[in-house]
Amino acid sequence: MEKIIVVCGPTATGKSDYAVELAKKINGEIISADSRQVYKGLDVGSGKITKKEMKGVPHHLLDVANPKTVFSVTQYKRLAEKVIKDIFKKGKTPIICGGTGFYIDAVIYDQDFPKVKPSKTLRKQLEKFSVEELSKKLQKLDPERFETVDIKNRVRIIRAIEIATELGSVPKIKRTKKYDVEWIYLDFPDDVLKQRIHDRLFKRMRKGMVKEVENLHSNKMSWKRLEDLGLEYRYLALYLQEKLTRQEMLSELEKSIWQYAKRQRTWFKKYAK
RNA sequence: GCGUCGGUGGUAGAGUGGUCAAUUACAUCAGACUGUAAAUCUGACGCCUUCGGGCUACGGGGGUUCAAAUCCCUCCCGGCGCA
């Protein structure tokens, strides 16, 4: 089995820098696993590594998508697999680095997500139903998947219905190991991580994060879309719309980043097993 | 000083005699994750428990009542009005 290195951990732990140093040492190339850094133009707010910080190490899967349209795991998986193959061909080691656990999972395991594209019309139709009604629909459509979905999670149920409608049922995914993975998990004690998040937020503010979001919006990115992107994009969008004061924006955002960091920890914990 | 409204769990804020350890939201903690994943969702959340229950709680103290966060008295604190 080919060897691959994964550098993961919650936000603000210095994964990018760590990966660069590692790549230089072992002659590796870096594949970003970050659901926001895939978008062009989301730089300061997403904490995207700069050309200079890359120190000549090749980075992949940054700036591969248009921020106005939704990018998804499947696209990520497809692109990443291609890149990984190329890196192996060169005799180098791929280093996956990022905080989006779902993306890491998608490439690390030999799993096939059902090839069912989101259907605008179906989703539109399902919009009007309550979660309970939707889950009943799913139960009828695919009793097996019904047993395993988050029964109160609207988004998940709709996707399950979408897949079941097209394929008859939601296929079970087998997760088999595809690579010999070396895990590197970066983290800090709570108080240290909180401080790092705080410092980094103000650093980003100084680096022109507000201007970045302003520009994105004047570049025809809707407030709605920016809000959907979460964290800095969400709170800065709210601030720029004057729905929050600057103080509120900063404190709410900092809080949300912490909550996000903890969700990441929850995800990465399963790798420890 | 007089009058008046109010003081509820980490916060905001319901409740206005029993069904109240107290709606709800936020925060906090834990968890989930099959094409939105920085998203979305779930659970716990006074203390103790052999999970039956027990104990302490709605500003302090006293009282009425079988029963009070809820009624009365008093004190303390805050807003407002009149002086």
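Given the structure is predicted, the values throughout are model-derived calculations rather than measurements.

J.: What exactly am I supposed to notice about the packing of helix H10 (residues 209-218) against helix H12 (residues 231-240) here?
T.: Working note: a packed helix pair is described by the angle between its axes plus the distance between those axes. At a minimum axis distance of 10 Å, the contact between H10 and H12 shows a crossing angle of 80°. In terms of their interaxial angle, H10 and H12 are classed as roughly perpendicular. The residues of H12 that touch H10, namely those facing Met209, Val210, Val213, Glu214 and His217, are Glu232, Tyr233, Leu236, Ala237 and Leu240. Here the residues of the contact of H10 with H12 are counted per class, giving seven nonpolar, one polar and two charged.

J.: Help me understand the domain arrangement of chain A in this model?
T.: You can read the domains of chain A as domain 1 (3-112 + 180-185), domain 2 (120-167) and domain 3 (190-267). Each of domain 1 and domain 2 has a C-alpha centre, and these two points are 32 Å apart.

J.: Is there a simple way to think about the pairing of strand S4 (residues 93-97) in this case?
T.: Along any regular strand, the residues point their side chains to alternate faces of the sheet. Across the five residues that make up S4, a large majority, four, are buried. Pairing between strand S1 (residues 3-8) and S4: three bridges, direction parallel. When the bridges of S4 are listed, Ile5 appears paired with Ile95. Taken together, the five bridges between strand S2 (residues 28-32) and S4 define a ladder with parallel strand orientation. The partner of Gly28 across the bridge, within S4, is Thr93.

J.: Quick question: what am I supposed to make of helix H3 (residues 73-89) here?
T.: It helps to recall that an α-helix has 3.6 residues per turn; residues three or four apart then point in one direction. Between its terminal C-alpha atoms H3 stretches 24 Å, which fits the 24 Å expected from 17 residues at 1.5 Å a residue. In this structure, the buried side of H3 is in contact with S2, strand S3 (59-60), S4 and helix H4 (101-108). A positive phi of about 80° marks Gly91, the residue just after H3.

J.: Help me understand the protein's contact with RNA strand B, please; the structure alone is not making it clear to me.
T.: Neighbouring RNA strand B are 49 residues; Ser35, Arg36, Ser46, Gly230 and Leu231 lie closest to it. Looking at the surface near RNA strand B, the elements that each hand over two or more residues are H3, helix H8 (154-167), H12 and helix H13 (246-272). Broken down by element, the residue count for the surface near RNA strand B peaks at ten residues, all from H13. Across the surface near RNA strand B, the residue classes tally to 17 nonpolar, 15 polar and 17 charged.

J.: Would you take a moment to explain the packing of H3 against H4 for this structure?
T.: Contact pair H3 / H4: the axes reach a minimum separation of 9 Å and the direction vectors enclose 50°. Classified by the angle between their axes, H3 and H4 sit oblique to one another. At the point where H3 passes H4, the crossing takes the right-handed sense. In this structure, H3 contributes Val73, Tyr76, Lys77, Ala80 and Glu81 to the contact, and H4 contributes Phe102, Tyr103, Ala106 and Val107. Looking at the contact of H3 with H4, its residues break down into seven nonpolar, no polar and two charged.

J.: Could you clarify how one ought to interpret the nonpolar core in this entry?
T.: Side chains of a nonpolar character, in soluble globular proteins, are inclined to be buried together. If you look at the biggest cluster of nonpolar residues, it comprises 31 residues, and the most contacted ones within it are Val6, Ile31, Ile95, Ile96 and Ile104. When residues of this core are traced back to their parent elements, those giving at least two are S1, helix H1 (15-26), S2, H3, S4 and H4. Ignoring any residue separated from it by four or fewer positions in sequence, one finds Ile104 in contact with Val6, Cys8, Ala33, Ile96 and Gly98. Listed in part, the 18 residues of the second largest apolar core include Val213, Leu216, Leu226 and Ala261.

J.: Is there a simple way to think about unusual backbone geometry in this case?
T.: Most peptide bonds are trans, and most residues other than glycine sit at a negative phi. The phi torsion at Leu61 lies on the positive side, around 65°, for a residue other than glycine. Inspection of the secondary structure puts Leu61 in the loop between S3 and H3. The phi dihedral of Glu242 falls on the positive side, at around 65°, and the residue is not glycine. With respect to the helices, strands and loops of the structure, Glu242 is situated in the loop between H12 and H13. Since 7 C-beta atoms lie within 10 Å of it, Glu242 is described here as exposed.

J.: I would appreciate a short explanation of the sheet that holds S2 in the present structure.
T.: Picture the strands of a sheet paired through backbone hydrogen bonds; they go either parallel or antiparallel. Read from one edge of the open sheet, five strands run S3-S2-S4-S1-S7, paired in parallel fashion. Edge positions in the open sheet fall to S3 and strand S7 (180-185), since each of these has one partner strand only. Running at roughly 180° to S2, H3 makes contact with S2, S3 and S4 of the sheet.

J.: Would you mind going over the environment of Ile161 with me for this structure?
T.: Within the secondary structure, Ile161 sits in helix H8. A sequence separation of 23 residues divides Ile161 from Leu138, and the C-alpha atoms of the two residues are 5.7 Å apart. For Ile161, the residues in contact, after removing those within four places along its chain, are Leu126, Leu134, Lys137, Leu138 and Leu141.

Reading the values: the criteria
Residues numbered from 1 in each chain as written. Chains lettered and ligands numbered in written order. Predicted model: local features only at pLDDT ≥ 70, side-chain atom pairs only at ≥ 80, totals over all residues. Axes fitted to C-alpha atoms, helices over the stretch in contact; angles between N-to-C directions. Helix = DSSP H or I, 4+ residues; strand = E, 2+ residues; numbered from the N terminus. Parallel < 35°, antiparallel > 145°, perpendicular 65-115°, else oblique. Contact = placed C-beta atoms within 7 Å. Nonpolar A, V, L, I, M, F, W, Y, C, P; charged D, E, K, R; others polar. Domains from an automatic or database assignment. Buried ≥ 20, exposed ≤ 12 C-beta atoms within 10 Å, placed from the backbone. Pairing = 2+ DSSP bridges. Expected span 1.5 Å × (residues − 1). Near = placed C-beta within 6 Å. Left-handed = near helix turned anticlockwise from the far one by under 90°. Core = buried A, V, L, I, M, F, W, Y, C linked by C-beta atoms within 7 Å.

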